[in-house]
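Results of the structural survey
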Amino acid sequence: MENLPKINEGNHSEKIINKGCESTEDEDIIINPQFDDGLNNWSGRGCKIALHDSMEDGKILPKSGKFFASATDRTQSWNGIQQEITGRVQRKLAYEVTVLVRIFGNNVTTSDVRATLWVQAPDLREQYIGIANVQATDKDWVQMQGKFLLNGSPSKVVVYLEGPPPGTDILVNTLVIKHAAKTPPSTPPDCEIAAFGVNIIENSNLGNGTNGWFPLGNCTLSVQSGSPRIIPPMARDSLGPHESLSGRYLLVTNRTQTWMGPAQMITDKFKLFLTYQVSAWVRIGSGSTGPQNVNVALSVDNQWVNGGQVEIADGRWHEICGSFRIEKQASKVMVYIQGPASGVDLMIAGLQIFAVDRQARFKYLRRQTDKIRKRDITLKFSGLDSIGNLGTLVRVRQIQNDFPIGTCISRSNIDNEDFVDFFVKHFNWAVFGNELKWYWTEPQQGNLNYKDADEMLDLCQKNKIDTRGHCIFWEVDGNVQQWIKSLNKTDLMKAVQNRLNDLLTRYKGKFRHYDVNNEMLHGSFYQDRLGKDIRANMFKTAHQLDPSATLFVNDYHVEDGCDTRSSPEKYIQHILDLQQQGAPVGGIGIQGHIDSPVGPIVCSALDKLGTLGIPIWFTELDVSSTNEYVRADDLEVMLRETMAHPAIDGVMLWGFWELFMSRENSHLVDAEGELNEAGKRFLALKQEWLSHSHGYADAQGQFSFRGFSGTYKVEVVTLAEKVSKTFVVDKGDSSLVVSIDL
């Protein structure tokens, strides 16, 4: 997935930076922000600019102040009005941009308007940073807001507006840039009165006919019997022992639209910020042509929210599962089941929607983690005279757990020493957000750029941080650069071969993993043009060029029950197909861009994929909530499931620093370096996964304990002396004897 935008901050005591000079909070970086001084300090970026007090016979007037400016005679979408702000913005400070804009002319009524920063480094490297965008209209002024932060010390910085098609004017009333105010910290959500595990669906067992249910659209609901009497496995894992189901189901007939099905209002039944699990048995009637998608959906003030999806191609009952969370007060919430083609009957049994008790799951996962990730270790000491008398004190401290926990980084991040400090201290793996992707390394044919990747790799190697290569190819059409799309079949084949040769020869032995062809379940650009064999051939060629790298498939929404294109079953089939064609698939990448995660749903997907016997990694994990305590819980769910599952070999976060993540409200550290609740939870879990022990050596000069793999320090204290040694415990489940000569 992608790397960019902006996010909300936490405000906490714990600092991980030393700040340079502060600017005063209210000082505007922009000179002449309301055009009171005409067009002074403003210029056109490839176009003309003009000053107005009104336009269109007084139909267009400034919303604030006396004037507005227009960027006119635009011949490119990047043309617009600009101001140079070099020397007025400081690095490592977060700034907020607020702009009042509208558009005019060329028969365009709405268009995207963007605020962009052009930054030039002392070595002339250029960077374009998207700050904000808004749908502007020709009817009224709209406000656009966004944030940015500069990591390095630029020699030139220009802010400008762009976006609408050529010939459309951009009108600007005000443009203000100020040091961003701190967002007040979240308060923990109120879970005191949460009724965990209690179904909020009325008459779920249908003992009372169709009471509580109504048909959405003009379909017909009736109650029949003959459905499963046990609750579906994923719900059972959450709820524990539970009474059986009634065996009754809702039959939905006369469906003339895909959205028609049974519905129920739940507006007053749920609590904000709680995570709800969705579970039911579903089945479809005969008469469908091809597989049918069934979806439990919520309408939250008329916005569709996905509560889970399953694809059905036979006449059996299928488990549907999913989850959701609502974070804003809603005036109308309805749950409904929809999906199959019109004319296809739909059956639903035992629909449950219940709040999930995460703490109870965590207890179970702690025990699992101890079983799976620790081993019995005996230290055997020799060379100490007084060993054998029981006065020898042994203190063991683990200084590093070697389980791979990594993060995504970008080239500009490494110019910020506070970012680098946190990264090097808390992660042992890295992946580059964009800098190894083909559109980055070869934006125009033959114009190669490996400078960014080289510098990032250099930083990782210096700090003994392993790296994943993401990605050699990307199968989704929208992420393929224009010049590749314009090639004929022969030239495309040649370009693919060159890409493999260039990348894998240049970095041979440097990247431990490669995502060979990203998101094959969601796109088919190369396969459509070069045939079915191309995917397996990419793997084979990559393996020949760099046999030391583990080659991964990588896809999203595999673990959350909300996307039928990438269900665990589809992913397994996809991997088996590749293997059948001889592709050396060595790793399964689950991206993990997940909303409101529920442990048993994630675990069920891992169990299924685990049957292939190939190492699984979470490759792009991020969680998102406006409340940082909930975000911390989400992150804890994912990290604990990861540590407690034997098929998982590592996890990569898709970033951690505000303004440098692809999803809003997902950062662990705010833009100026303060740890929020999610960041604190992350560090607490890392501490929990270090083993410490102390006691006395036995008569044979031995000391036993149970611990995680990784690096340890042992201190041995006798009456006569104190000796310290380090030792390493490799991953494994059998007991281990470590000889330590003192």
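Throughout, residues of each chain are indexed from 1 in the direction in which the sequence is written. At least 70 in pLDDT is required for a residue's local features to be given in this predicted model, at least 80 for side-chain atom pairs to be given and counted, and no such filter applies to totals for whole chains, interfaces and linings, which use all residues. Only hydrogens and water are set aside when side-chain values are computed; all heavy atoms of the structure are taken into account.

1. Comments concerning the sheet that holds strand β12 (residues 220-225)
Rules: Strand pairing is assigned whenever DSSP detects at least two bridges linking the two strands. The numbering of helices and of strands both runs from the N terminus, where a helix is a DSSP run of H or I of at least 4 residues and a strand a run of E of at least 2. All axes are obtained by fitting lines to C-alpha atoms, using only the stretch in contact for helices, and the reported angles, taken between N-to-C directions, cover 0 to 180 degrees.
The strand order across the open sheet built from five strands is β12-β13-β20-β15-β18, with neighbouring strands paired in antiparallel fashion. The strands lining the two open edges of the sheet, one partner per strand, are β12 and β18 (318-324). Averaged over all neighbouring strand pairs, the angle between strand axes comes to 30°, with direction disregarded. Across three bridges, the pairing between strand β13 (residues 248-253) and strand β20 (residues 346-355) is antiparallel. Directly across from L251, in β20, lies its bridge partner M347.

2. Overview of the pairing of strand β19 (residues 333-338)
Looking along a regular strand, one sees the side chains alternate between the two faces of the sheet. Note the cut-off: A 1.4 Å probe rolled over the protein chains alone gives each residue an accessible area, and that area as a share of the maximum for its type sets the label: buried under 20%, exposed over 50%, partly exposed in between.
Taking burial as the measure, the six residues of β19 include six buried ones, the bulk of the element. Across the two faces of β19 the burial is the same, with V333, V335 and I337 and M334, Y336 and Q338 all buried. In this structure, strand β14 (residues 261-265) lies alongside β19, joined through three bridges in antiparallel fashion. Within the sheet, the bridge partner assigned to M265 lies in β19 and is M334. Sheet analysis places strand β16 (residues 292-300) next to β19, joined by six bridges and oriented antiparallel. Within β19, the residue paired with S299 across the bridge is M334.

3. Points about the sheet that holds strand β8 (residues 142-149)
One open sheet accounts for five strands, arranged β2-β3-β10-β5-β8; its pairing is antiparallel. Of all the strands in the sheet, just β2 (48-52) and β8 have a single pairing partner and so form its edges. Averaged over all adjacent pairs, the angle separating strand axes in this sheet is 35°, with direction ignored. Pairing geometry for strand β5 (residues 94-104) and β8, over eight bridges, is antiparallel. Paired with L100 across the strands is Q143, a residue of β8.

4. Remarks on the domain arrangement of the chain
Let me state the cut-off plainly: Domain start and end points were adopted from an automatic or database domain assignment.
When its domains are assigned, the chain resolves into domain 1 (43-179), domain 2 (198-356) and domain 3 (404-689). On a C-alpha basis, the centroid separation for the pair domain 1 and domain 2 is 47 Å.

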